Amino acid sequence: MEKKMVYLANQITKILLNKKIIEEDMTDVYRYGLEIIFSSLLTTLSILTIALLLDSLNLGILYFLLTIPLKLTAGGYHAETFKKCFFISNFSFAALICLHKILSYYNISELIWLSILYCSAIFIFLKAPVQNIHQPLTASKMEHNKMLSHIYLLTDCGIITCLTIALPTSHIIHFSVLCILLVALFIIPTQVKGGSYE
């Protein structure tokens, strides 16, 4: 599958170059961008398929709404290859759904759920943004990402807290907490390398 995506990205880049839509010195940038778009689309479709198979499409959509803005701004672990990224993304989503279903059988106090939320949020708040050494960010971009990740975190925590008070024992709220926890867990491996990762 990875070879097909690379081939397709190469073909589209050649077409853009031949039609003089892009300049020759930009071909690598466009090729890489197309590979990222294709891999992101494939991963998104596979996660939504898993959500459908597990009768949890609403949780699949919620997963994207909560994790994508935070991952884009806070950073976190990124796999070296598409295959590894695809596997980790799908596995972590499926594991999150399964964990959510298992925990729904237990009467876990809302105070515990809120504690998990706040501990995860504080960790992200203090550690984000994390930088990939292969894609270094300028100081201004780091500050911008930090501000945005803080805004997303505060918004998520505020909404989840209010909904927890209004709708105690809501399984959707509990899944939201697990999504924030997952983002925090993906930041942990980067801290072993001092806040940046390969």
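For the structure, see preceding data.
Heads up: these notes are all about the structure in this document. (Residues numbered from 1 in each chain as written. Predicted model: local features only at pLDDT ≥ 70, side-chain atom pairs only at ≥ 80, totals over all residues. Heavy atoms only, no water.)

1. Some details on helix H4 (residues 82-103)
Next up, step 1: Here H4 spans 31 Å end to end across 22 residues, near enough to the 32 Å set by a 1.5 Å rise per residue.
Next up, step 2: All of the buried residues along H4 are Phe82, Ser89, Asn90, Ser92, Phe93, Leu96, Ile97 and His100. Projection of H4 onto a plane perpendicular to its axis shows the buried side chains occupying an angular sector of 155°, all on one side. Exposed positions of H4 whose direction lies more than 90 degrees from the buried face are Lys83, Phe87 and Phe91. (Helix = DSSP H or I, 4+ residues; strand = E, 2+ residues; numbered from the N terminus. Expected span 1.5 Å × (residues − 1). Buried < 20%, exposed > 50% of the residue type's maximum accessible area, 1.4 Å probe, protein only. Arc of directions from axis to C-beta.)

2. Focus on the packing of helix H3 (residues 57-74) against H4
Next up, step 1: At a closest axis distance of 11 Å, the pairing of H3 and H4 adopts a crossing angle of 120°. When the axes of H3 and H4 are compared, the pair comes out oblique. Between H3 and H4 lies a crossing of right-handed hand. Of the residues in H4, those touching H3 at Leu59, Gly60 and Tyr63 are Ser89, Ser92, Phe93, Leu96, Ile97 and His100.
Next up, step 2: For the contact of H3 with H4, the class distribution of residues is 5 nonpolar, 4 polar and no charged. (Axes fitted to C-alpha atoms, helices over the stretch in contact; angles between N-to-C directions. Parallel < 35°, antiparallel > 145°, perpendicular 65-115°, else oblique. Left-handed = near helix turned anticlockwise from the far one by under 90°. Contact = heavy atoms within 4.5 Å. Nonpolar A, V, L, I, M, F, W, Y, C, P; charged D, E, K, R; others polar.)

3. What to know about the environment of Ala51
Next up, step 1: Note on placement: Ala51 falls in helix H2 (residues 27-53).
Next up, step 2: For Ala51, the residues in contact, after removing those within four places along its chain, are Ser56, Leu57, Gly60 and Phe93.

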